[in-house]
Amino acid sequence: MQTDPIRVLIAKVGLDGHDRGVKIVARCLRDAGMDVIYTGLHRTPEQVVMAAVQEDVDILGISILSGAHMTVIPKVLDLLKEQEAEDIMVVAGGVMPDEDIAALKEQGVQEVLLQDTPPDAIVDSIRRLVAARAPR
Amino acid sequence: MSAVTRLRVSSLDLVAPVLAGKITAIARLMSRVESGGGEVMGALEEIYRHAGKAHIVGITGVAGSGKSALLAKLAIRLRAAGRRVGIIAVDPTSPFSGGSILGDRIRMNELSGDPAVFIRSMATRGSLGGLARATLDAGDILDAAGYDPVLIETVGVGQDEVEIVQAAHSTVVVSAPGLGDDIQAVKAGVLEIADIHVVSKCDRPDANRTVIDLKNMLTMTVAAAASAPAWPLPVVATSAESGEGVDELVEQIDAHRAFLQRTDGLRERQRRIAQWRLLKAAEELLRDEFKPQQEGGGRGRAQLIDAMTAREIHPHVAARQLIEPARRGTEK
């Protein structure tokens, strides 16, 4: 039996219309053999979490370039807990200051990939996270 | 069931929470089905017994015809009528990388977040015909979990991917305006499988032409099966942009369901679906048995391939020789 493609949901949350980056990331992950579900722009944390749960993704990637990461991402983590779906790993991407990165990781974000992360490094991080997690 | 136990829970133990409608369990069981393998079979047997209540509606049409956008509007109306809607949206897997981009959720913004609408995106993983291998089992899971109707959106089809008609009780074929002339409308293939025709994007000026072409085509199919009670094939013009025609589409889907129930057509379709799934399951069993990496078979696989390459034996004959020992093995 072939191994399953890694499933990734990529979301843009809130008032943030910059989606060129996520589209490129989506394309890179596809080319790395992953199933990529893209939600489109302007989603709420509730929508994103419900989508991630229904799609049963390995990774929930949230791209934020608006500066709202410290409100949006903790909310997503809380909602995942509420749904009893913390086994979905959250990866944040975008522009954020170092102290926020530390705080987000503290709260349960598995990885933060900043705007200058090369595509290969994104693919590698995701593969590494999924490989390290228990099979489900 | 906590997230931690969800990691290790057996597929059989997921059945009870699935039947109770628990989202995480439904989603996880679907993943297990997509992975395949023997572990999930017992759970699927159980699910299969509980399914069979939902109306299965197939939505198909060429790529870009507006299936996803229409589906989103359709689901909103159904939801507003108090129904729990299951959606399986199939998108193609890249033949090169094995990956996919599943974009149907982009059009379903207004829906996502509502637990009474379950949307699952599924990549074809090499399946042809417009559906993925796991699509119908996933449909059973939604059915057993109490979603009704279950809407299955195929990949964007060409002219010949008509598997959906073997899988759904009602098939909606979406045509977009501006693609081809009235000759396209009389060709064989996708258009023939419709129980309901939709012309999408009816806000566009050339949409009426497509409606007329389709209606003309339908007048040509004179009483193909005069014995069976006739379902008058409707052509519904819709606009996902303005919402026009979506109510009518809901009415037509319900009318078709009522028609099937009234005329014994439902039983017939259920049998047709069962027959097709039986064949697909048998095919899959055979394919697993004869995976390329496995050796064996009566005459060795390599020998058979050698003989075929040299044009000494026909593929059909070689295939018989390949499966012969397996058949003898099961007959003893």
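In this text the structure is predicted, and so the values were computed from the model without any measurement.

S.K.: Account for unusual backbone geometry, naming residues and giving values.
M.R.: Residues and elements named next belong to chain B. Between D148 and the following residue, P149, the backbone shows a cis peptide bond with an omega angle of 5°. At D264, a residue that is not glycine, the phi angle is positive and equals roughly 75°. Looking at the element boundaries, D264 is found in the loop between α9 (246-263) and α10 (265-289). When its relative accessible area of 47% is taken as the criterion, D264 is described as partly exposed.

S.K.: Tell me what's going on with the pattern of salt bridges, and back it up with residues and numbers.
M.R.: Opposite charge on two side chains permits them to pair, given that their charged atoms come into close proximity. Residue and element names in this part refer to chain B. Under the defined criterion, the tally for this structure stands at 28 salt bridges over all chains. When the shortest N-O distance is used, the salt bridge between R79 and D114 registers 2.7 Å. Pair noted here: R79 is in helix α5 (residues 67-80) and D114 is in the loop between β3 (100-102) and β4 (117-123), with a separation of 35 residues, a long-range link. What makes R79 partly exposed here is its relative accessible area of 27%. Exposure remark for D114: the relative accessible area of 23% places this residue in the partly exposed category.

S.K.: Which residues make up the packing of helix α1 (residues 20-31) of chain A against helix α5 (residues 119-132) of chain A, and what values do they have?
M.R.: Residues and elements named next belong to chain A. Running from amino to carboxyl end, α1 crosses α5 at an angle of 60°, the nearest separation of the two axes being 10 Å. Taken together, α1 and α5 sit at an angle that is classed as oblique. Crossing angle aside, the handedness with which α1 passes α5 is right-handed. Contacts from V25, C28 and L29 in α1 reach P119, I122, V123 and I126 in α5.

S.K.: Can you lay out the packing of aromatic side chains for me, pointing to particular residues and giving the numbers?
M.R.: All names here are of chain B. Enumeration over the complete set of coordinates arrives at two aromatic pairs over all chains. Each ring, one from F118 and one from Y147, has its centre 6.0 Å from the other, and the planes form 70°; the classification is edge-to-face. Taken together, the residues span a long stretch of sequence, with F118 in strand β4 and Y147 in the loop between α6 (135-144) and β5 (150-153) at a distance of 29 residues. Judged by its relative accessible area of 0%, Y147 falls in the buried class. Seen in terms of ring centroids, W231 and F259 are 5.4 Å apart; in terms of plane orientation they differ by 45°. Their pairing is tilted. Of this pair, W231 sits in the loop between α8 (207-220) and β8 (235-237) while F259 sits in helix α9, placing them 28 residues apart in sequence. As far as burial versus exposure is concerned, W231 and F259 are alike and both buried.

S.K.: Describe the side chain of B:T124, and please don't skip the residues or the numbers.
M.R.: Residues and elements named next belong to chain B. By the element assignment, T124 lies in the loop between β4 and α6. Its relative accessible area of 8% is what places T124 among the buried residues. Contact partners of T124, with chain neighbours within four places excluded, come to V90, D91, P92, T93, L131, A132 and V155.

The rules behind these values
Residues numbered from 1 in each chain as written. Chains lettered and ligands numbered in written order. Predicted model: local features only at pLDDT ≥ 70, side-chain atom pairs only at ≥ 80, totals over all residues. Heavy atoms only, no water. Helix = DSSP H or I, 4+ residues; strand = E, 2+ residues; numbered from the N terminus. Buried < 20%, exposed > 50% of the residue type's maximum accessible area, 1.4 Å probe, protein only. Salt bridge = Lys/Arg side-chain N within 4 Å of Asp/Glu carboxyl O. Axes fitted to C-alpha atoms, helices over the stretch in contact; angles between N-to-C directions. Parallel < 35°, antiparallel > 145°, perpendicular 65-115°, else oblique. Left-handed = near helix turned anticlockwise from the far one by under 90°. Contact = heavy atoms within 4.5 Å. Phe/Tyr/Trp six-rings, centres within 6.5 Å; stacked < 30°, edge-to-face > 60°.

All quantities given are derived from atomic positions and should not be read as evidence of function.
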